[in-house]
Amino acid sequence: MTFDLQKIVRPKIFNLEPYHCARDDFQDGVLLDANENAHGPTQQGLDASNSELHRYPDPHQLEFKTAMASYRNKTSTYKAENLTPLTSENLCLGVGSDESIDAIIRATCVPGKEKILVLPPTYSMYSVCAEINDIEIVECPLLYKNNSFQMDTESVLTVLQNDPLIKLLFITSPGNPTGARIETERIETVLQNWTDGLVVVDEAYIDFCGGSTAPLVTKYPNLVTLQTLSKSFGLAGIRLGMTYASKDLAKILNAMKAPYNISRLASDFALKAVQHDNLQLMESNAKKINDEKHRLLRELTSLDYVDDQYVGGLDANFIMIRVNKGDNTLAKKLYLALATESGVVVRFRGTELGCSGCLRITVGTPPENDKLIKEFKKLLAELVNE
Ligand SMILES: Cc1ncc(COP(=O)(O)O)c(C=O)c1O
């Protein structure tokens, strides 16, 4: 099957000339080109690393992109396939994945006409961004009846092949709220059989299970992989997301983004996060979270009025458990009591497809998890004896 990027990207964006500034050509000297304030930041007491905050940040972030590409190459599970390695040119950075999601929709879908396909239950921002951009949303549920929450590959392909107005398929892997990583073979089947749009794999939680599809963007020009520093890297506050794509598509996405979307502060922290020792820390924290995830699960699923079987998968930094065989009333009461009486906030997900009676619980630190377990047990016992 052939893939033609020009047919996928909106014509004005395909032909966009990126914003160009004098700083692209000259970075040193007396800088009087960008209407900055040479007196410096008005804030007193900034340390040296923040002393340049009166200057616009680097629009390209090559050092960070190179380090991140190299980390994904090194940890790739597709080594035997001899893929062309990722380089900085395969990346575009956004203000969190949320900005990357919005950007890919705007790059490809004509408002009021074209569509995206989502696989519920899933992350709601795809639909929110689609609505904002006046893009229709088509749904094809995950396989929830067998609790696998895998992609129904055959149905997805049927929907895609019968609707030429669908430009994007969003796959969340591992899923939110399902916690289930979507099998790579299923993703590759779609990539090989549908080339009239882009397959966007949102891997916000991938470092908790491994097996990123990012290295595959050099093999499949119709693949886009999204990742973020918000989860495994513990940097939700800096807002930094990564889009991996073919060089041609990454170039278009970079041309389209606001030139200075990544602030100097975000960039400083992001660069530190990809240094060797900090990558090791990220991996060891992910392992600690995974260990705690299993403890949390054992404790909660052994309780009366909590189903033995967790819902979905265990591939992310949260678990989803079902209260009393899908009892939304009890689950909602428990959710509210936890928040208001115990000061422990989890997420009620009982209205999501295949998730009746479900609470999604993020794995915290061991003392936080201890508190959750203790309060959960106490409140559940009180509620069922009411
Ligand atoms: C699947 C998924 N994608 C993206 C995001 C948002 O990531 P970011 O913080 O990078 O915007 C989340 C956040 O919860 C998520 O669950």
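Residues numbered from 1 in each chain as written. Predicted model: local features only at pLDDT ≥ 70, side-chain atom pairs only at ≥ 80, totals over all residues. Heavy atoms only, no water.

**Topic: the packing of aromatic side chains**
Part 1: Applying the stated rule across the entire model yields 5 aromatic pairs.
Part 2: Ring geometry for Tyr56 and Tyr260: centres 4.5 Å apart, planes at 25°, overall stacked. On the criterion of sequence distance, the pair formed by Tyr56 in the loop between α2 (11–14) and α3 (62–74) and Tyr260 in the loop between α8 (247–256) and α9 (264–273) is long-range, its members being 204 residues apart.
Part 3: For Tyr260, a relative accessible area of 24% corresponds to the partly exposed category. (Phe/Tyr/Trp six-rings, centres within 6.5 Å; stacked < 30°, edge-to-face > 60°. Helix = DSSP H or I, 4+ residues; strand = E, 2+ residues; numbered from the N terminus. Buried < 20%, exposed > 50% of the residue type's maximum accessible area, 1.4 Å probe, protein only.)

**Quick look at the pattern of salt bridges**
Any two side chains of opposite charge can pair if their charged atoms end up close together.
Part 1: Counted by the stated rule, this structure contains 20 salt bridges.
Part 2: The residue Arg55 makes a salt bridge to Glu36 at a minimum N-O spacing of 2.5 Å. Separated by 19 residues along the polypeptide, Arg55 in the loop between α2 and α3 and Glu36 in the loop between α2 and α3 bring together distant segments of the chain.
Part 3: Residue class for Glu36 comes out buried when judged on its relative accessible area of 18%.
Part 4: A salt bridge links Lys219 to Glu188, with the shortest nitrogen-to-oxygen separation between them at 3.6 Å. Separated by 31 residues along the polypeptide, Lys219 in the loop between β5 (198–202) and β6 (223–228) and Glu188 in helix α7 (residues 184–193) bring together distant segments of the chain.
Part 5: Glu188 gets classed as buried once you look at its relative accessible area, which sits at 14%.
Part 6: Salt bridges sharing common partners tie together Arg23, Asp33, Glu36 and Arg55. (Salt bridge = Lys/Arg side-chain N within 4 Å of Asp/Glu carboxyl O.)

**Quick word on the packing of helix α4 (residues 96–108) against α8**
Each packed pair of helices is defined by two parameters, the angle between the axes and the distance between the axes.
Part 1: Close contact between α4 and α8 brings their axes to 11 Å; oriented N to C, the two are set at 105°. By the angle between their axes, α4 is roughly perpendicular relative to α8. Every residue of α8 that contacts α4 at Ala103, Ile104, Arg106 and Ala107 is listed here: Leu249, Leu253 and Met256.
Part 2: For the contact of α4 with α8, the per-class residue count stands at 6 nonpolar, no polar and 1 charged. (Axes fitted to C-alpha atoms, helices over the stretch in contact; angles between N-to-C directions. Parallel < 35°, antiparallel > 145°, perpendicular 65-115°, else oblique. Contact = heavy atoms within 4.5 Å. Nonpolar A, V, L, I, M, F, W, Y, C, P; charged D, E, K, R; others polar.)

**A look at the environment of Arg186**
Part 1: With respect to the element layout, Arg186 can be found in helix α7.
Part 2: Taking the relative accessible area as the measure of exposure, Arg186 reaches 22% and is therefore partly exposed.
Part 3: Residues Arg186 and Ala236 lie 50 residues apart in sequence; the distance between their C-alpha atoms is 30 Å.
Part 4: Sequence-distant contacts of Arg186, that is, excluding residues within four places in its chain, are made with Leu143, Gln150, Met151 and Thr153.
Part 5: Only 3.5 Å separates the side chain of Arg186 from the side chain of Gln150, close enough to count as a polar contact.
Part 6: At a separation of 2.8 Å, a polar atom in the side chain of Arg186 contacts the side chain of Glu183. (Polar contact = N/O pair within 3.5 Å; in protein donor to acceptor, adjacent residues only side chain to side chain.)

**Overview of the domain arrangement of the chain**
Part 1: Domain annotation of the chain identifies domain 1 (5–21 + 59–274) and domain 2 (283–384).
Part 2: Between the C-alpha centres of domain 1 and domain 2 the distance comes to 29 Å.
Part 3: At the interface, 21 residues of domain 1 touch 21 residues of domain 2.
Part 4: Both faces combined, the contact of domain 1 with domain 2 buries some 1600 Å², and carbon together with sulfur accounts for 59% of it. (Domains from an automatic or database assignment. Buried area = accessible area lost by both parts, 1.4 Å probe.)

**Focus on α9**
In an α-helix, one turn spans 3.6 residues; hence positions three or four apart end up facing the same way.
Part 1: Buried within α9 are the following residues: Ala266, Ser267, Ala270 and Ala273. One face of α9 carries all of its buried residues, which in axial projection span an arc of 120°. (Arc of directions from axis to C-beta.)

**Focus on the side chain of Thr225**
Part 1: Within the secondary structure, Thr225 sits in strand β6.
Part 2: In this structure, Thr225 is in contact with Val201, Glu203, Ser212, Thr213, Ala214, Val217, Met242, Thr243 and Tyr244, ignoring residues within four places of it in sequence.

**Considerations on the site of the ligand**
Part 1: Taken together, 13 residues surround the ligand, and among them Ser97, Asp202, Tyr205, Thr228 and Ser230 come closest.
Part 2: One of the side-chain nitrogen or oxygen atoms of Ser230 is found 2.7 Å away from an oxygen atom of the ligand.
Part 3: Here the ligand loses 91% of its free accessible area of 400 Å² to cover by the protein chains.
Part 4: Looking at the shell around the ligand element by element, the count peaks at 3 residues for α4.
Part 5: Split into classes, the residues belonging to the shell around the ligand amount to 3 nonpolar, 6 polar and 4 charged. (Near = heavy atom within 4 Å. Areas by Shrake-Rupley, 256 points an atom, 1.4 Å probe, with all protein chains shown as cover.)

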